[in-house]
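Residue-level structural notes
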Amino acid sequence: IFGSPSSRKEDLLFLHGLTGSSSGWDFIYPHYVRKGFSVLMMDIRGHGLSDIPKNINNLSLNCIIEDINDLIEKKKMQKILLIGHSYGGIIAQKFCEKYPDKVEKLILISTLHKTTAEKRRRILSQLLYYGTYFLFSVIHPLRLEKTKKQIDYTEFVQSHDLNLKRLY
């Protein structure tokens, strides 16, 4: 958590997209800390420096939502401003559905909106679920073993979500 909890304006929680990590927000969080906000960034399960679950069921949206809830409670945050990019936006929406009293504001960046047809949203969620499992059970361990650190996303600032080098 960045910023002084005693003098904070609001608590911001940033959720990255698929194949990303919390380090993807490194370019922006200092701005909010200077403005007096408390900033929290987390690596979603199987991403960044978080553990890669052995069981695919532990990559479910429900598990990730409970991770977020546990983190909020551990940090004693009240209502948060939740910012989600891409897959993080899908997670943020699901978190708001389950814990609406814990979110003051929701900001979605390049993600599906709730008005998207539920059937398409469910199919996409399943595709992301199994795609995430493949990426992080097969590809990510190879990359992590090679680097042993968070990915530096600064070289990908102007890239798009399907940039193959960034995905690797």
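In the block above lies the structure referred to throughout.
Rules behind the numbers
- Residue numbers run consecutively from 1 along every chain, following the written order of its sequence.
- At least 70 in pLDDT is required for a residue's local features to be given in this predicted model, at least 80 for side-chain atom pairs to be given and counted, and no such filter applies to totals for whole chains, interfaces and linings, which use all residues.
- Hydrogens are left out, water is left out, and the side-chain values use all remaining heavy atoms of the structure.
- We define a salt bridge as a contact between a side-chain nitrogen of Lys or Arg and a carboxyl oxygen of Asp or Glu at a distance within 4 Å.
- Helix and strand assignments follow DSSP, with helices taken as H or I runs no shorter than four residues and strands as E runs no shorter than two, numbered in order from the N terminus.
- Remark: exposure states derive from per-residue accessible area (1.4 Å probe, protein chains only) relative to the maximum for the residue type, with buried under 20%, exposed over 50%, and partly exposed in between.
- Contacts: residue pairs with any heavy atoms within 4.5 Å of one another.
- Pairs of N or O atoms within 3.5 Å make up the polar contacts considered here, provided that, within protein, one atom can donate a hydrogen while the other can accept it, and that residues adjacent in sequence are counted only when both atoms are side-chain atoms.

Quick look at the pattern of salt bridges
Under the definition given, this model contains 5 salt bridges. A salt bridge links Lys-105 to Glu-10, with the nearest nitrogen and oxygen atoms 3.8 Å apart. With Lys-105 in strand 4 (residues 103-109) and Glu-10 in the segment before strand 1 (11-15), the pair connects residues that are 95 residues apart, well separated along the chain. Take Glu-10: its relative accessible area is 22%, and that puts it in the partly exposed class. For the salt bridge of Lys-102 with Glu-73, the shortest nitrogen-to-oxygen distance reads 2.7 Å.

Overview of the environment of Asp-67
Tracing the backbone shows Asp-67 in helix 2 (residues 61-74). The exposure class assigned to Asp-67 is partly exposed, which follows from its relative accessible area of 21%. Ignoring anything within four residues of it in the chain, the contact list for Asp-67 reads Met-42 and Arg-45. Separated by 2.5 Å, the side chains of Asp-67 and Arg-45 make a polar contact.

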